[in-house]
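# Survey of secondary and tertiary structure
Each chain is listed here by its residues.
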Amino acid sequence: MNTTPHGADNDDLYNALYAYALKLTRYNSTQAKELLHETLSQITHNATAHNSIDSFMTYAGSVMRHANETTIHYADIHELHRLCYHGPGTSYSPREIIHGMSLLTPHQATVVTLILKGYSTTEIARATAHSIQWVKTNTIKAIQRLRNIHTH
């Protein structure tokens, strides 16, 4: 089934959802496109879930918020893996990996370790007794810090 809307009304809906995805991803267009794609995929996969009492936009926004809250974007996981294990074009020894991880805050190191072990955002939040947003914030900060370590 094609999830790309067509027509003026559908274009308005698509644009509104994309604008909302941008807001949820703090205006990261790559992540917004991934979130929009995931939202449209979930809506298409579960087409009968829409309650006709609510507007479709309200329903779609709810699906998008849930998708955004329960996943860490694959690009972030790949970036963490690359920075922790390979750096920009280089392989690092276990000693260098430990050194890089030691430069992270304990919260960042915990989040990075659990992500790399395959835990979801929700599982990490539950295990650490913190919010999903706390997990995402520490993920972003860890990526930024690891990038700075590898560029110096």
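This text follows the structure it describes.
These lines cover the structure that appears in this document, whether it is placed above or below. (Residues numbered from 1 in each chain as written. Predicted model: local features only at pLDDT ≥ 70, side-chain atom pairs only at ≥ 80, totals over all residues. Heavy atoms only, no water.)

### Quick word on the overall build of the protein chain
A count of helices and strands for the protein chain gives eight helices and zero strands. Counting helices and strands in the order they occur from the N terminus, the protein chain gives α-α-α-α-α-α-α-α. Within the span of the protein chain, comprising 152 residues, buried residues form 33% of the whole. Of the roughly 9500 Å² that the protein chain leaves accessible, carbon and sulfur atoms contribute 55%. (Helix = DSSP H or I, 4+ residues; strand = E, 2+ residues; numbered from the N terminus. Buried < 20%, exposed > 50% of the residue type's maximum accessible area, 1.4 Å probe, protein only. Areas by Shrake-Rupley, 256 points an atom, 1.4 Å probe, with all protein chains shown as cover.)

### Examining helix 6 (residues 106-116)
Where helix 6 is concerned, the buried positions are Gln108, Ala109, Val111, Val112, Leu114 and Ile115. Positive backbone phi, at 100°, marks glycine 118, one or two positions downstream of helix 6.

### Describing the side chain of glutamine 108
Looking at where glutamine 108 falls in the secondary structure, it is placed in helix 6. By relative accessible area, glutamine 108 is classed as buried at 4%. Excluding residues that lie within four positions of it along the chain, glutamine 108 makes contacts with Asn138, Lys141, Ala142 and Arg145. (Contact = heavy atoms within 4.5 Å.)

### Things to note about the environment of tyrosine 14
Structurally, tyrosine 14 is set in helix 1 (residues 8-24). Taking relative accessible area as the criterion, tyrosine 14 reaches 33% and is therefore assigned partly exposed.

### Thoughts on the nonpolar core
Leu17, Ala21, Leu35, Leu36, Ile43 and Met64 are the most contacted members of the largest nonpolar core, which has 13 residues in total. For this core, the elements supplying multiple residues, two or more each, are helix 1, helix 2 (29-45) and helix 3 (56-70). Formed by seven residues, the second largest nonpolar core is a distinct cluster that contains Leu114, Ile115, Trp134 and Val135. (Core = buried A, V, L, I, M, F, W, Y, C linked by side-chain atoms within 4.5 Å.)

### What to know about the packing of aromatic side chains
Within this structure, the stated rule accounts for one aromatic pair. Relative to tyrosine 59, the ring of phenylalanine 56 has its centre 6.0 Å away and its plane inclined at 50°; by these criteria the two rings are tilted. With phenylalanine 56 and tyrosine 59 both in helix 3, this residue pair falls three residues apart, about one helical turn. A relative accessible area of 15% means that tyrosine 59 is categorised as buried. (Phe/Tyr/Trp six-rings, centres within 6.5 Å; stacked < 30°, edge-to-face > 60°.)

### Remarks on helix 7 (residues 121-128)
The complete set of buried residues in helix 7 reads Thr121, Ile124, Ala125 and Thr128. All buried residues of helix 7 project into a common sector of 100° when viewed along the axis, lining one side. Those residues of helix 7 that are exposed and aimed more than 90 degrees away from the buried face are Arg126 and Ala127. Once helix 7 finishes, alanine 129 follows within two positions and takes phi at roughly 60°, a positive value. (Arc of directions from axis to C-beta.)

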